[in-house]
Amino acid sequence: MPETPYNHEEVELKWSERWAAQPELYKAADDGVKPRYYVLEMLPYPSGRLHMGHVRNYSIGDTLARYMWMRGYDVMHPMGWDAFGMPAENAAIKRNQHPALWTFSNVGHMKQQLARMGFAYDWARETNTCTPEYYRWNQWFFLRMYEKGLAYRKNSLVNWCPECATVLANEQVVDGCCWRHETTPVEQRELVQWFLRITAYADQLLDDMAQLEAGWPAQVLTMQRNWIGRSEGAEVDFTLKATGEKLRVFTTRVDTIYGATCVILAPEHPVAKQLCSGDLAAALKTMIDDPSRKDPETQEKSGFFTGATAVNPYNGQEVPIWVGSFVLWGYGTGAIMAVPAHDQRDFEFCRKYDLPVTPVIRPVDGELAIESEMQECFPDYGVVENSGPWSGLASAEARKQMAAFAEQQGFGKASITFRLKDWGISRQRYWGTPIPVVHCPVDGVVAVPEDQLPIELPTDVQFTGEGKSPLAQNEQFVKTTCPKCGGPAERETDTMDTFVDSSWYFFRYVDPRNTSLPFDPAKVQPWFPVDQYIGGVTHAILHLLYARFWCKVMRDLGLVSVDEPFKNLFTQGMVQLNGQTMSKSKGNIVDPDDMVVKYGADTCRLFTLFAAPPEKNMDWNESSVEGQYRFLSRLFRWVTRNFDNPAGTGETDAAALRKLHQTIRKVTADFKNRWHFNTSIAALMELMNELQSVEAGLSPAVRRDCSEKVTLLIAPFAPYAAEELWSLLGHAGPVFKQSWPEFDEALAREELLEIPVQVNGKLRGRITVPHETSKEDLEKAALADEKVQAAIAGKTVVKVIVVPGKLVNLVVR
RNA sequence: GCCCGGGUGGCGAAACUGGCAGACGCAACGGACUUAAAAUCCGUUUUUCCGUAAGGAAAGUGUGGGUUCAAGUCCCACCCCGGGCACCA
């Protein structure tokens, strides 16, 4: 056929329609005939429009999925919607439109956008987290956790805007004030909230990372390790002098306890409240509410003396009890012993308030510091001094012995503390999963029986953005009867954090319409762990940690058999414009829709993969996009004018086949190794350059062969163009279910090698030799080269380095 | 402050195990085709210097040292950029 110009619109609309008519096209067979491969991309929040970050994430995943199909796998490639969350509720407040309406209309639009990009999803598995069919299982899991003591209620501090009379999420607090009332300082209020006991799994979350070393980026593992923050130390009870009450502190350096010169409490500590009255109580409240306490810029330590003292159980010494701004209520016991001589923060605090500094550790090869001369603390391990029976011990040894002593004496113990806190899931919002419990005046907190699930969100609610959450203002919802005693009771009106939704959705994909369980364990088993998870590094901690936790809970419930849900994780870089993150506020958004209209989805996909390696940030550059369009057109035209062209003698066949098979080798290796699709596409460009330059001499058979292989090679990257070419080639589709081309080492091999010759490490000439030329012959050929001879003229060759197949280097004097 | 990444032409990048630095693409410039433009095709393009020219020389991967026949790649020190964590006792 004659050369056909590449018309992206015509090609893509034609295949869009055909694919839309075949929903079974991307279905995972799930029959065990072929090996299974689960490609998972992080599901989007249905904000209404796809952005370039999505396009990049899903282009990477789709390319991989299509490649795995071509490698003969039964590929699971599902998609869904992380559809609960604040934006829908904010939209409701603003436009008086129900969150569900807003959400579902966004989903409809984004689904079209995804399809138009040519992403091959098994839509029969579509999962939307804001539907009762899905969130009833969030409730089901909650009940299981409640039964096992993994879900519990406790008092906790929340951000409270007195103007809105509502709770704010952390991201709604801007500079210590409410996002809607910019001059109203946010207060800390105590509220009873629901928590999931993720800390019960802290050790497992840490230890099982060993299973992830091979498949996860080291950076993500490090971030999780730091987040979990395991630290070994000891808990020790000081005694309140006045009352004899115990005051427990946590320390990692119990070996320094003879140097403790005061005890410092977090301002939120109950004992602080108890000890402070009058002016002190006011100071305490100010400190608790001061937003700059958490601001990294103002790290000035401040505090005050409570007037009370405590007794150190090791030496009976009486020390003052202070309140300190820098002591965290959420970590350890919320109280510390200050050892200024050996901790920099304590040092700064005690020097500021003229508290004594008592050195008790000396360097292994040095003297004990003198208090008046100390400019900074000595934080290292050393030898313990002035510490009663432990004097003379090494720090490490003293830590062990002193902790054991505390336990033996009953005033403490060795202890491990985690930075990780239990997961607070209560949200005083409407658009989330209702927590399935009832508050009964008689029976207290009562779990809703399983057969009453789902507790559905009521639809007739008012969205004002003020006061209690819309759920709490809805009497019909709140008023209920106690499942236990049948008396009048009130429903819990808190909803769950949306991270709950995304903690297990990828299990639901495998069995999405199950009505009796979240999923059938037998169905899920062969697909897990997920072979490849792909998403932004922004989720490195929270989402990925919660999902790991959820998986372990499900394992303990007997639902799954894996410890870890994701075998391999890939984190892609951001899409930027002129080095800046695209954002609405900056007004520098590139809309995928515009790009698709102008250049087509294939070009868009090619560019996002070509511009940078996928793990790196990439910059959107429209003229570079045009380059991809030119490449795709060139490829399209080459194939259409060559595949059935009967002309040609075949004199350039070998050259074309050599480049073709080198390209197959390169692209295949990129899929296997590091997904540097930018170099795969570059290799395909090189191939097209070569094919174009040797075109005139090709035989008909090789024209055909190259046309087919090129079409197959481009198929994972540019599915529309490939499908069109495949059908022009006379084949029944779909192209992504054909076998990936095998490369032939013999055809890929160059006839002759060109070997660089260096003299003293500088390139002086090149010799062309057959493969497997011996070292001796390489040396001879190098010395015989004209340019090399000129370079060594009048000098003595002292050494010759020959790396067969690579280079020759002559060392001369 | 601590922990990770990274720094290569005008730009995005490549160089996978120490072995020809700059593949591929963008932009720019020159040419062919065209009445013209677009599209397409061909060519040049790291810098500096020598030469009318063919061609040749030197320098060059953030900076300074080092190891090596050979360093973008390995080692030491430093500078800059990006990300994460940030009083975690």
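What you see is a predicted model, and the numbers here were worked out from it, not measured in a lab.

## Section: the pattern of salt bridges
Item 1. In this structure the tally under the stated criterion is 43 salt bridges.
Item 2. A salt bridge links Glu-751 to Arg-658; its shortest N-O distance comes to 3.3 Å. One end of the pair, Glu-751, is in the loop between helix 23 (745-748) and strand 31 (752-759); the other, Arg-658, is in helix 19 (residues 653-672), with 93 residues separating them in the sequence.
Item 3. A relative accessible area of 58% means that Glu-751 is categorised as exposed.
Item 4. We classify Arg-658 as buried; its relative accessible area is 16%.
Item 5. Lys-709 is the salt-bridge partner of Asp-705, the closest N and O atoms lying 2.8 Å from each other. In this pair, Asp-705 and Lys-709 are both assigned in helix 21 (residues 700-714), four residues apart and thus about one turn of the helix distant.

## Quick word on the packing of aromatic side chains
Item 1. The final tally for this structure, using the stated rule, is 66 aromatic pairs.
Item 2. Between Tyr-67 and Phe-671, the aromatic rings sit 3.8 Å apart at their centres with planes inclined by 0°, giving stacked as the arrangement. Note that Tyr-67 is positioned in helix 2 (residues 52-70) and Phe-671 in helix 19, a separation of 604 residues in sequence.
Item 3. Among the residues examined, Tyr-67 registers a relative accessible area of 6% and is labelled buried.
Item 4. On the basis of relative accessible area, Phe-671 is assigned to the buried category, the value being 5%.
Item 5. One aromatic cluster in this structure is built from Tyr-134, Trp-137, Trp-140, Phe-141, Tyr-201, Trp-423, Phe-499, Trp-504, Tyr-546, Phe-549 and Trp-550.
Item 6. Stacked on the ring of Trp-19, the Lys or Arg Arg-66 has its end atom at 5.9 Å from the ring centre.
Item 7. Over the aromatic face of Tyr-152 sits the side chain of Arg-197, whose NZ or CZ is 4.1 Å from the ring centroid.

## Considering the confidence of the model for chain A
Item 1. When pLDDT is averaged along chain A, the result is 91; 97% of the residues meet or exceed 70.
Item 2. Predicted confidence in chain A is weakest over strand 7 (residues 173-174), with a mean pLDDT of 65, and strongest over helix 13 (residues 505-508), with 98.
Item 3. Predicted as a complex, the structure gets a pTM of 0.92 and an ipTM equal to 0.94.

## Some points on the layout of surface pockets
Over the atoms rolls a probe the size of a water molecule, and in doing so it shows where empty space is left.
Item 1. In this structure, the second largest pocket spans a volume of roughly 450 Å³.
Item 2. If you go around the second largest pocket, you meet 20 residues; those closest to its centre are Gln-428, Lys-468, Ala-472, Thr-493 and Asp-494.
Item 3. Within the residue set of the lining of the second largest pocket, elements represented by two or more residues are strand 5 (151-161), strand 6 (166-168), strand 9 (187-196) and strand 24 (488-491).
Item 4. Here the element with the most residues in the lining of the second largest pocket is strand 9; it accounts for three residues.

## Observations concerning unusual backbone geometry
Item 1. Residue Pro-454 is reached from Leu-453 by a cis peptide bond, and omega for that bond is -5°.
Item 2. Position of Pro-454 relative to the elements: it lies in the loop between strand 22 (444-447) and helix 12 (475-478).
Item 3. In this model, Phe-528 is joined to Pro-529 through a cis peptide bond whose omega is 0°.
Item 4. With respect to the secondary-structure elements, Pro-529 resides in the loop between helix 14 (521-524) and strand 26 (532-536).
Item 5. In this model, Asn-96 sits at a positive phi of 55°, which is unusual for a non-glycine residue.
Item 6. Tracing the chain through its elements places Asn-96 in the loop between helix 3 (86-95) and helix 4 (99-116).
Item 7. Overall, the relative accessible area of 64% leaves Asn-96 in the exposed class.
Item 8. Although it is not a glycine, Glu-772 sits at a positive phi angle of roughly 60°.
Item 9. Tracing the chain through its elements places Glu-772 in the loop between strand 32 (762-770) and helix 24 (775-784).
Item 10. Judged by its relative accessible area of 70%, Glu-772 falls in the exposed class.

## Thoughts on the pairing of strand 12 (residues 262-265)
Item 1. What you see with strand 12 is no split at all: Cys-262 and Ile-264 on one side and Val-263 and Leu-265 on the other are buried throughout.
Item 2. Strand direction decides the pairing type here: strand 12 and strand 15 (residues 335-338), joined by four bridges, are antiparallel. Residue pairing across strands places Cys-262 opposite Ala-338, the latter belonging to strand 15.
Item 3. The pairing of strand 12 with strand 14 (residues 318-324) spans three bridges and is parallel.

## Things to note about the state of the cysteines
Item 1. Applying the stated rule across the entire model yields zero disulfides.
Item 2. Considering cysteine sulfurs only, Cys-350 is the nearest to Cys-377, which forms no disulfide, with 11 Å between them.
Item 3. We note that Cys-440 lacks a disulfide partner, and the nearest cysteine sulfur, in Cys-485, lies 3.6 Å from it.

## Some remarks on the nonpolar core
Item 1. Formed by 176 residues in total, the largest nonpolar core has its most connected members in Tyr-38, Phe-506, Phe-507, Phe-528, Phe-549, Trp-550 and Trp-620.
Item 2. Here the element with the most residues in this core is helix 2; it accounts for 10 residues.
Item 3. Beyond its immediate sequence surroundings of up to four residues, Phe-507 is in contact with Phe-519, Val-524, Phe-528, Cys-551, Met-554, Val-560 and Pro-565.
Item 4. Grouped together as the second largest cluster of nonpolar side chains are 38 residues, Ala-260, Val-263, Val-271 and Trp-390 included.

## Quick notes on empty space enclosed by the protein
Item 1. Considering all chains together, one arrives at one cavity of 30 Å³ or more under this definition.
Item 2. Approximately 40 Å³ is the volume found for the largest cavity.
Item 3. Residue lining of the largest cavity: Phe-507, Val-524, Gln-525, Phe-528, Val-560, Ser-561 and Val-562, and that is the complete set.
Item 4. Across the lining of the largest cavity, the residue classes break down as five nonpolar, two polar and no charged.

## Quick word on the sheet that holds strand 27 (residues 569-572)
Item 1. Taken in spatial order, the four strands of this open sheet run 2-1-26-27, and their pairing is parallel. With partners counted over all chains shown, the strands left at the sheet margins are strand 2 (74-76) and strand 27, one partner each. Within the sheet, the average angular offset between the axes of one strand and its neighbour, ignoring direction, is 20°.
Item 2. In this fold helix 2 packs onto strand 1 (36-41), strand 2, strand 26 and strand 27, with an angle of close to 175° to the strand it touches most, strand 1.

What counts, and at which threshold
Each chain carries its own residue numbering, running from 1 in the direction its sequence is written. Chains and ligands are labelled by the order in which they are written, letters from A for the one and numbers from 1 for the other. Restriction of local features to residues with pLDDT of at least 70 applies here, the model being predicted, together with a cutoff of 80 or more for giving and counting side-chain atom pairs; totals for whole chains, interfaces and linings are based on all residues. Values reported for side chains reflect all heavy atoms of the structure, with hydrogen atoms and water molecules removed beforehand. In what follows, salt bridge is the name for a side-chain nitrogen of Lys or Arg lying within 4 Å of a carboxyl oxygen of Asp or Glu. What counts as a helix is a DSSP run of H or I of at least four residues, what counts as a strand is a run of E of at least two, and both are numbered from the N terminus. Between buried and exposed lies partly exposed: a residue is buried under 20% and exposed over 50% of the maximum accessible area for its type, with that area taken using a 1.4 Å probe on protein chains only. Pairing of aromatic rings covers Phe, Tyr and Trp, the last counted by its six-membered ring, and requires centre-to-centre distances within 6.5 Å; plane angles under 30 degrees mean stacked, over 60 mean edge-to-face, and any other angle means tilted. In this analysis the charged atom, NZ for Lys or CZ for Arg, is taken to sit over a ring once it is within 6 Å of the ring centre and within 35 degrees of the ring normal. The quantity known as pLDDT measures the predictor's confidence residue by residue, on a range of 0 to 100. A pocket here means an open set of points on a 1 Å grid, computed over the protein atoms alone, that has protein on both sides within 12 Å along at least five of seven lines. A cavity is instead a set of points where a 1.4 Å probe fits but cannot get out; residues with an atom within 4 Å of a point line either one. Grid points are joined across faces, edges and corners, and a volume is the space filled by probe spheres set on the points. Between any two strands, at least two bridges found by DSSP are needed for them to pair. Cysteine sulfurs are considered disulfide-paired once they come within 2.5 Å of each other. Here, the term nonpolar core denotes a set of buried Ala, Val, Leu, Ile, Met, Phe, Trp, Tyr and Cys residues that are joined through side-chain atoms within 4.5 Å. Residues are treated as being in contact if the distance between any of their heavy atoms lies within 4.5 Å. Any residue outside Ala, Val, Leu, Ile, Met, Phe, Trp, Tyr, Cys, Pro, Asp, Glu, Lys and Arg is labelled polar, Gly included; the first ten of those are nonpolar and the last four are charged. To define axes, lines are fitted to C-alpha atoms, for helices over the stretch in contact only, and angles between the resulting N-to-C directions are given on a 0 to 180 degree scale.

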